[in-house]
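# Examining the three-dimensional arrangement
Each chain, written out:
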Amino acid sequence: MLQDILMLTAFFILRIGVPLLLVIGIGYSLLQRFYGVKLDFSPKFVTGVGLVLALWALAAIAVILRFTDGLGAVTNLSDQFPLGLWIGFDVMAGAMLGGGAFVLAGLVYVFGIERYRPILRSTILTAFLGYVLLIVALLVDVGRPQNILLARPVYFINIHSVLWEVAMCVLCYTVVLALEFSPALFERLRWRRMWRLTHKITLPLVIVGILLSTMHQSSLGSLWLIAPGKLHGLWYSPLLPVFFWISAVAVGLAMVTVESNLSARAFKRGLEQDLLASLGKANAYLLAFYAAFRLADLAVRGQLGLVLRLDLPGVLFWVELGLGAILPAALLMRPQIRKNRDALFAIAAVIVACGILNRLNVSMFSLYSYTGPIYIPSWMEMVVTAGMFTFGAAVFALLARLLPVFPAEHGEQATVPAQV
Amino acid sequence: MNAVSSTAKSLSRRQFLKLSAVTAGAAALAGVQASAMAASTGVKPGSTPAMLIDISRCVGCSNCQRSCIAANNLHPTSEQLQGLSAQTFTVVQRYDFEGGNTRFVKRQCMHCLDAACASACPVSALYKTEAGPIAYRPDRCLGCRYCMVSCPFNIPRFEWNKGLTPEIRKCMFCIERQEAGQLPACAENCPTGALKVGTREELLREAHARIAAHPRFYVDHVYGEHEAGGTSMLYISDVPFALLGFRTDVTTRPIPAYTWDVMSKLPWVVGGLAAVLTGASIYTRKRNGAHHDDTPPWERPEAGG
């Protein structure tokens, strides 16, 4: 095992690390030359990049070990606990975090609320990268990824399988997101004909995207309905698909705020605070409704007593619903809190974190009541997940510099970004 | 013993003939129809091959386990022999009770009539054969392990140490042997008659007859008659099933119904939503007037280059 890791490390430095550094160096000098991208090589920046690169190297080693020695060599999964962090975080939570794209696109294109347009492109890009990484994570997690690459699910259809439906919807929606984002690429390249084509089909694309999102966001919840008696009573509900859809909208909108704030800090650009505040207001009502609906469902199913227990599921439930929905809803109802940029950012971050916890609760922790706490992700699983997360952020940062993603460098801008 | 196996042989031969006739006729059918058929109509539950496992008759010799290993060419490690594993399709588990009483429970795939795994599998790699057993096609398996989550009896096992060719492993009810007119390996080598193979209908009748003949001895429950909507493996016992590691909270509703409840509503939800969104976008267009933003942003006069 240790020998394997050492061998792979050596392999990496020679065969991948050195060429990668060359590519990065050449790419950077090209960027500098043609786009005027300039990085300040401050010690902080260099350490940050170094840490991230080290993380990616570890993640790559873990992925290679997974493909050579199997999932058992890398993960803590077992026959008793077959799905873990990569499904719970990368797939279940990853799709949820991209939920803002279909909501915002619907608001702008279907309902004509044009004022949200300035933050639409960055949201779509976030969702697109999230979905691409979801697919990558799935290809790592699945035992026989070659059968996905050979498009087996397209030929062998099982309409009874929720997972088949999710797979098809995720695949189609990723294409839809790519097409929805493509005008930005053609705008940069000044490809007139392609721009007009993709621009024209945007409305139908958005509608199809909403339908696909509704289907797979809810079905990610339906997936777990096949295991009655295995999930804890606090989470197993026939309404799981409805809860998943609502929380995907709510957490997706909170993710828009988080992503706008992070990119505002990273790119030193203005922040659309009034837009984010209005989204926060809508989110307050949505989260309040969600929390009430969850509790009402528990009451109807006669499981309300479970929330009073101070065991692990009870605590996780209150963190997820109390901290992640009830408290933010109460805070976001107040206009003066919504106006405060840092408060709104912090609340949105809490909603996102607790939304992720909800997905982990359903897909991992709620199974503990049946299997016992036999699964805790291995460090390699966490490294792969963290590596993919940071990789997505890095690609976002790169594309945001190369393409007209934000309104400041975006010809279509309608409103002046609110400077705070 | 002899009579039993001869009826079982003729039965499985008859089913093999039926199977081959059906498959020959349906050779042109795509996987879609095959899987849809398996999930909706399938075999008549009564005539599906089944096994009656009488726990009170089992002496724990593990002949079934050894013959299963030989018949399926398995290579279990001693650790894998302790429970079901990728190399152990059936296992005999020992339960000790007070007073020196011991019971042995043979575990293997239950071959549900309406199997959760077959409905969960996105590509129908696990599927219900025309004859009845749940079989597996590794060439289309994605290795997603959703079958393992779905199985109410925790049967499917995964090859965790294979990089790109792990398979889902479980008892296949010796499909090839049954097609060839033989008994499943475990049943053929059971010395005490604890395992009996036949059609599900006649075994259910027999199980109830045995319970009725010795009502004080047997627990009045045929495990598998209703569990998960009915299974091909039927257990009777003189010790309560809850004490023998059986899941007693398994629903009697076929497991696939739980997801189909939602899946079957999706077309209506999506259709309704599509109508609403289309209507809304038409209304928006009308209200806002025709949008003349077909000019690329870099060609618009107001865009500052």
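### Notes on the overall build of chain B
Within chain B one finds ten helices and nine strands. Split into buried and exposed, the 305 residues of chain B put 43% on the buried side. Restricting the contact set of chain B to residue pairs at least 6 apart, pairs at least 24 apart contribute 64%.

### Points about the overall build of chain A
The number of helices and strands found in chain A is 18 helices and zero strands. At 22 Å, chain A has a C-alpha radius of gyration in line with the 22 Å of a compact globule built from 420 residues. Viewed in the frame of its principal axes, chain A has a C-alpha envelope of about 65 × 60 × 50 Å. Relative to its full complement of 420 residues, chain A shows a buried share of 48%. The long-range fraction of contacts in chain A, counting pairs at least 24 apart against all pairs at least 6 apart in sequence, stands at 80%.

### Structural notes on unusual backbone geometry
Residues and elements named next belong to chain B. Here the phi dihedral of F173 falls at roughly 60°; this positive angle occurs in a residue that is not glycine. You can see F173 is positioned in the loop between β7 (168–169) and α6 (175–179). Given 27 C-beta atoms within 10 Å, F173 falls into the buried group. Of note in this structure, A228 is not a glycine but carries a positive phi near 50°. Following the sequence through the fold, A228 ends up in the loop between α8 (200–213) and β9 (233–236).

### What to know about the sheet that holds strand β1 (residues 49–54) of chain B
Residues and elements named next belong to chain B. Spatial strand order, β8-β1-β9: three strands in an open sheet with mixed pairing. The open sheet is flanked by β8 (195–199) and β9, the only strands paired with a single partner. Each strand axis lies, on average, 25° off the axis of its neighbour in the sheet, ignoring direction. By the bridge criterion, four bridges tie β1 to β9 in an arrangement that is parallel. By the bridge assignment for β9, L52 is matched with L234. Strands β1, β8 and β9 of the sheet are contacted by α8, whose axis makes an angle of about 130° with β8.

### Focus: helix α10 (residues 266–288) of chain B
The terminal C-alpha atoms of α10 of chain B lie 32 Å apart, and with 23 residues this matches the ideal 33 Å at 1.5 Å per residue to within 8%. G289 of chain B, located one to two residues past α10 of chain B, shows a positive phi value of around 75°.

### Quick notes on the interface of chain A and chain B
The partner chain B presents 59 residues to the 56 residues of chain A that form the contact. Taken together, the elements giving at least two residues each to the side of chain A that touches chain B come down to α2 (43–69), α3 (71–74), α5 (99–110), α7 (146–149), α8 (152–155), α9 (162–189), α10 (192–200) and α11 (202–222) of chain A. Residues belonging to the side of chain A that touches chain B are distributed by class as follows: 31 nonpolar, 15 polar and ten charged.

### Quick word on the pairing of β1 of chain B
All names here are of chain B. With six of six residues buried, β1 is to be regarded as a mostly interior element. Side chains of β1 alternate between two faces, with P49, M51 and I53 and A50, L52 and D54 buried alike. With five bridges joining them, β1 and β8 adopt antiparallel strand pairing. If you follow M51 over to β8, its bridge partner there is V197.

### Let's talk about the environment of Q32 of chain A
Within the element layout of this structure, Q32 of chain A appears in helix α1 (residues 2–35). For Q32 of chain A, a count of 12 C-beta atoms within 10 Å translates into the label exposed.

### Considerations on the packing of helix α6 (residues 120–141) of chain A against helix α12 (residues 240–267) of chain A
Between two packed helices, what matters for the description is the angle formed by their axes and the separation of those axes. Residue and element names in this part refer to chain A. Two elements in contact, α6 and α12, have axes whose closest approach is 10 Å; the angle formed by their N-to-C orientations is 105°. When the interaxial angle is binned, α6 and α12 end up roughly perpendicular. Residues S122, T123 and T126 of α6 form the contact with α12, whose own contacting residues are V256, E259, S260 and S263. Residue classes in the contact of α6 with α12 are distributed as one nonpolar, five polar and one charged.

### Digging into the confidence of the model for chain A
Residue-level pLDDT values for chain A average 90, and 97% of them are 70 or greater. Averaged over each element, pLDDT in chain A is lowest for α1 of chain A (81) and highest for helix α16 (residues 341–363) of chain A (96).

Cut-offs used in this document
Each chain carries its own residue numbering, running from 1 in the written order of its sequence. Here the convention is simple: chains get letters from A, ligands get numbers from 1, in the order in which they are written. In view of the model being predicted, local features appear only for residues whose pLDDT reaches at least 70, and side-chain atom pairs are presented and counted only at 80 or more, with totals across whole chains, interfaces and linings using the full set of residues. Put simply, DSSP marks the helices as runs of H or I at least four residues long and the strands as runs of E at least two long, and each gets a number from the N terminus on. Three exposure classes are used. Buried residues have 20 or more other C-beta atoms within 10 Å of their own C-beta, exposed residues have 12 or fewer, and partly exposed residues fall in between, all C-beta atoms being placed from the backbone. By the convention adopted here, residues make contact when the C-beta atoms placed from their backbones lie within 7 Å. What the globule rule says is 2.2 Å times the number of residues to the power 0.38, and the radius of gyration is computed from C-alpha atoms. Two strands make a pair as long as DSSP finds a minimum of two bridges between them. Here the axes come from fitting lines to C-alpha atoms, over the contacting stretch only for helices, and the angles between their N-to-C directions go from 0 to 180 degrees. An expected span of 1.5 Å times one less than the residue number is assigned to each helix. Lys, Arg, Asp and Glu make up the charged group, whereas Ala, Val, Leu, Ile, Met, Phe, Trp, Tyr, Cys and Pro make up the nonpolar group; the residues left over, Gly among them, are polar. When an angle is under 35 degrees it counts as roughly parallel; over 145 it counts as roughly antiparallel; between 65 and 115 it counts as roughly perpendicular; any other value is oblique. The predictor rates its confidence in each residue with pLDDT, a number between 0 and 100.

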